[in-house]
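Chains, contacts and geometry: an overview
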Amino acid sequence: MSTAGKVIKCKAAVLWEANKPFSIEDVEVAPPKAHEVRIKILATGICRSDDHVVTGGLVMPFPIILGHEAAGVVESVGEGVTSLKPGDKVIPLFIPQCGECSACLNSKGNMCIKNDIGSAAGLMADGTTRFTCKGKPIHHFIGTSTFTEYTVVHETAAVKIDSAAPPEKICLIGCGFSTGYGAALQTAKVEAGSTCAVFGLGGVGLSVIMGCKAAGASRIIAIDINSDKFAKAKELGATDCINPKDHKEPIHKVLLGMTGYGVDYSFEVIGRIETMVAALASCHYNYGVSVIVGVPPAAQNITFDPMLLFSGRTWKGSVFGGWKSKDSVPKLVADYMKKKFVLDPLITHTLPFSKINEGFDLLRAGKSIRSVLTF
């Protein structure tokens, strides 16, 4: 029996308010409107950015269905959709690609104007939501909302991928892997023989290490206050591992001591203003490039010595690894299928969707890199 054009009742993890567990609820998912698609989610990863909403570090409206790193199958499409059809395997895109705005049209840009990160409205383009629970409208999260059996996204925010790709692996290409790997290859453009420092060894930080290694970096210094993460960092390409707690002097001085004048490239993959400044100070005083990859905390400003930049350093941000999403995601999936990179080492836990709170507990305790929820 076709569900096209009908409201679908299904399970979703609703976050009713900050600092509370997710509640598995029965929700109604409306049919897609014009230029929208409804997707059956097959697998979704748990990302630190989702947890930032729980803790209030990333301010979003409640109640909300979080999740943004997923793979699924198109269930139905709204009027005027041309790029996707029911049955297509897809990855939802929290950075859409409309192909018409200034960022999409510029070869250097990837943060399409149609994203919902800056405004955080939590609604579809027409200002309404497709989710209802207990008679109440539920907000969307950055245009994706994947902690649900079915979601609705704009046509510009999903892309068709290889139907043979395993959803419980390639869902990471929807955020964590692509964000880190691209920060090294696309944003920093790391060169062969260069030295790199990576602050934070979660799933994204480890993906930065993979990108630095793929680019041919000769030295990759991995930094984390949890030494349990060092073995995995070395497995994926780190040449040195440092725990700042083992040193009396500030971490940027430790790195200057190891490299002489600082690393060629540094990456902050945590989302803390102190480590952002430390990463900047640890790259070469004249031609070093430091990239902010971690989501910055809400309502916090950075104070730093402008001499750090005056001497020639470059400070950059990177969203979704600098990739143009619709163009790049299918290619990254194809590269995975050709074994050009691995994803298995990043996935430490695979859990049923009903265990979402357990997955977040593992993340907060530093016991997981990526937990993937399957439906």
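Rules used throughout
Residues numbered from 1 in each chain as written. Predicted model: local features only at pLDDT ≥ 70, side-chain atom pairs only at ≥ 80, totals over all residues. Heavy atoms only, no water. Helix = DSSP H or I, 4+ residues; strand = E, 2+ residues; numbered from the N terminus. Rg over C-alpha atoms; globule rule 2.2 N^0.38 Å. Buried < 20%, exposed > 50% of the residue type's maximum accessible area, 1.4 Å probe, protein only. Areas by Shrake-Rupley, 256 points an atom, 1.4 Å probe, with all protein chains shown as cover. Lys, Arg positive; Asp, Glu negative; His and termini not counted. Charge placed at Lys NZ, Arg CZ, Asp CG, Glu CD. Right-handed = clockwise from strand over helix to strand, strands pointing away. Pairing = 2+ DSSP bridges. Contact = heavy atoms within 4.5 Å. UniProt positions renumbered as here; feature names shortened; annotations may be inferred. Core = buried A, V, L, I, M, F, W, Y, C linked by side-chain atoms within 4.5 Å. Expected span 1.5 Å × (residues − 1). Bend = angle between axes of the 7 residues up to and from the residue. Domains from an automatic or database assignment. Buried area = accessible area lost by both parts, 1.4 Å probe. Salt bridge = Lys/Arg side-chain N within 4 Å of Asp/Glu carboxyl O. Polar contact = N/O pair within 3.5 Å; in protein donor to acceptor, adjacent residues only side chain to side chain. Axes fitted to C-alpha atoms, helices over the stretch in contact; angles between N-to-C directions.

**A closer look at the overall build of the protein chain**
Along its length, the protein chain carries 11 helices and 17 strands. For a compact globule of 375 residues, the expected C-alpha radius of gyration is about 21 Å, and the protein chain comes in at 20 Å, within 12% of that figure. Counting only C-alpha atoms, the protein chain reaches 65 × 40 × 35 Å along its principal axes. In the protein chain, which comprises 375 residues, the proportion classed as buried is 55%. Looking at the protein chain as shown, the accessible area adds up to about 15500 Å², and 55% of this sits on carbon and sulfur atoms. With 39 positive and 34 negative side-chain charges, the protein chain shows a spacing of 2 Å between the two charge centroids.

**So, the pairing of strand E10 (residues 195-199)**
For E10, a buried count of five out of five residues is recorded, marking the element as mostly surrounded by other parts of the structure. Here E10 shows no split at all, with Thr-195, Ala-197 and Phe-199 on one side and Cys-196 and Val-198 on the other all buried. A crossover links E10 with its parallel partner strand E11 (residues 219-223), the connecting element being helix H5 (residues 203-214), and its sense is right-handed. Taken together, the four bridges between E10 and strand E13 (residues 265-268) define a ladder with parallel strand orientation. The partner of Ala-197 across the bridge, within E13, is Ser-266.

**Quick word on the side chain of His-139**
Within the element layout of this structure, His-139 appears in the loop between strand E7 (136-138) and strand E8 (150-154). Residue His-139 is classed as buried on the basis of its relative accessible area, which comes to 18%. Filtering out sequence-adjacent residues up to four positions away, His-139 remains in contact with Pro-61, Phe-62, Pro-63, Ile-64, Ile-65, Ala-121, Gly-122, Leu-123, Phe-131 and Ser-145.

**Observations concerning the UniProt feature "domain: Enoyl reductase (ER)" (unreviewed entry) in the protein chain**
If you check UniProt for "domain: Enoyl reductase (ER)" (unreviewed entry), the listed places come out as residues 17-373 in our numbering. Helix makes up 25% of residues 17-373 and strand 22%. Its end C-alpha atoms lie 22 Å apart.

**Observations regarding the nonpolar core**
Judged by nonpolar contacts, the single largest core of 90 residues is most densely connected at Phe-147, Ile-170, Ile-173, Val-190, Ile-209 and Phe-267. Here the element with the most residues in this core is H5; it accounts for six residues. In contact with Phe-267, not counting residues within four places along its chain, are Ala-183, Ala-184, Ala-188, Val-190, Cys-196, Ala-197, Val-198, Phe-199, Val-208, Cys-212, Val-291 and Val-293. Residues Ala-197, Phe-199, Val-263 and Cys-283 belong to the second largest nonpolar core, which totals 12 residues.

**Observations regarding helix H4 (residues 176-188)**
Its 13 residues give H4 an end-to-end C-alpha distance of 17 Å, which sits within 8% of 18 Å, the value for a rise of 1.5 Å per residue. The sharpest bend along H4 comes to roughly 50°, located at Gly-182. Where burial is concerned, most of H4 is hidden: 11 out of the 13 residues are buried. Taken residue by residue, H4 has Gly-176, Phe-177, Ser-178, Thr-179, Gly-180, Tyr-181, Gly-182, Ala-183, Ala-184, Thr-187 and Ala-188 as its buried positions. Residues of H4 that are buried sit in contact with H5, E13, strand E14 (289-292), strand E15 (314-317), helix H10 (325-337) and strand E17 (370-374).

**Some points on the domain arrangement of the protein chain**
Interface size is commonly expressed as the accessible surface area that is lost when the partners come together. If you check the domain split of the protein chain, you get domain 1 (177-321) and domain 2 (343-374). Taking only C-alpha atoms into account, the centre of domain 1 sits 25 Å from that of domain 2. Carbon and sulfur atoms make up 70% of the area that domain 1 and domain 2 hide from each other, which totals about 670 Å². Together, Phe-177, Gly-203 and Lys-232 form the three largest contributors to the area buried by domain 1 at its contact with domain 2, with a combined 44%. Counting the contacts that link domain 1 with domain 2 gives zero salt bridges. The interface formed by domain 1 and domain 2 includes one residue pair in polar contact (both at pLDDT 80 or more). At the level of secondary structure, the elements contributing two or more residues to the side of domain 1 that touches domain 2 comprise H5 and helix H6 (230-235). Considering each element in turn, the side of domain 1 that touches domain 2 owes the most residues, five residues, to H5.

**What to know about the pattern of salt bridges**
Should the charged atoms of two oppositely charged side chains come close, the side chains can pair. Enumeration according to the criterion identifies 17 salt bridges in this entry. The partner of Glu-69 in a salt bridge is Arg-370, and the shortest N-O contact between them spans 2.8 Å. Of this pair, Glu-69 sits in the loop between helix H1 (48-55) and strand E4 (70-77) while Arg-370 sits in strand E17, and the two are 301 residues apart along the sequence. As far as burial versus exposure is concerned, Glu-69 and Arg-370 are alike and both buried. Salt bridges here are not isolated pairs; linked through shared partners, they connect Lys-33, Glu-36, Asp-126 and Arg-130.

**Structural notes on the sheet that holds strand E12 (residues 240-242)**
Consider a sheet: its strands pair through backbone hydrogen bonds, and that pairing is either parallel or antiparallel. On the basis of which strands lie adjacent, the open sheet formed by six strands has the order E12-E11-E10-E13-E14-E15 and parallel pairing. The open sheet terminates on both sides in strands that have one partner only, identified here as E12 and E15. Averaged over all neighbouring strand pairs, the angle between strand axes comes to 15°, with direction disregarded. Packed onto the sheet, H4 meets E13, E14 and E15 and runs at close to 135° relative to E13. Sheet strands touched by helix H7 (residues 251-259): E10, E11 and E12. Its angle to E11, the strand with the most contacts, is close to 160°.

**Regarding the environment of Pro-137**
With respect to the secondary-structure elements, Pro-137 resides in strand E7. Linking Pro-137 and Pro-63, residues 74 residues apart in sequence, is a C-alpha distance of 8.0 Å. Excluding residues within four positions of it along the chain, Pro-137 makes contact with Pro-63, Thr-129 and Phe-131.

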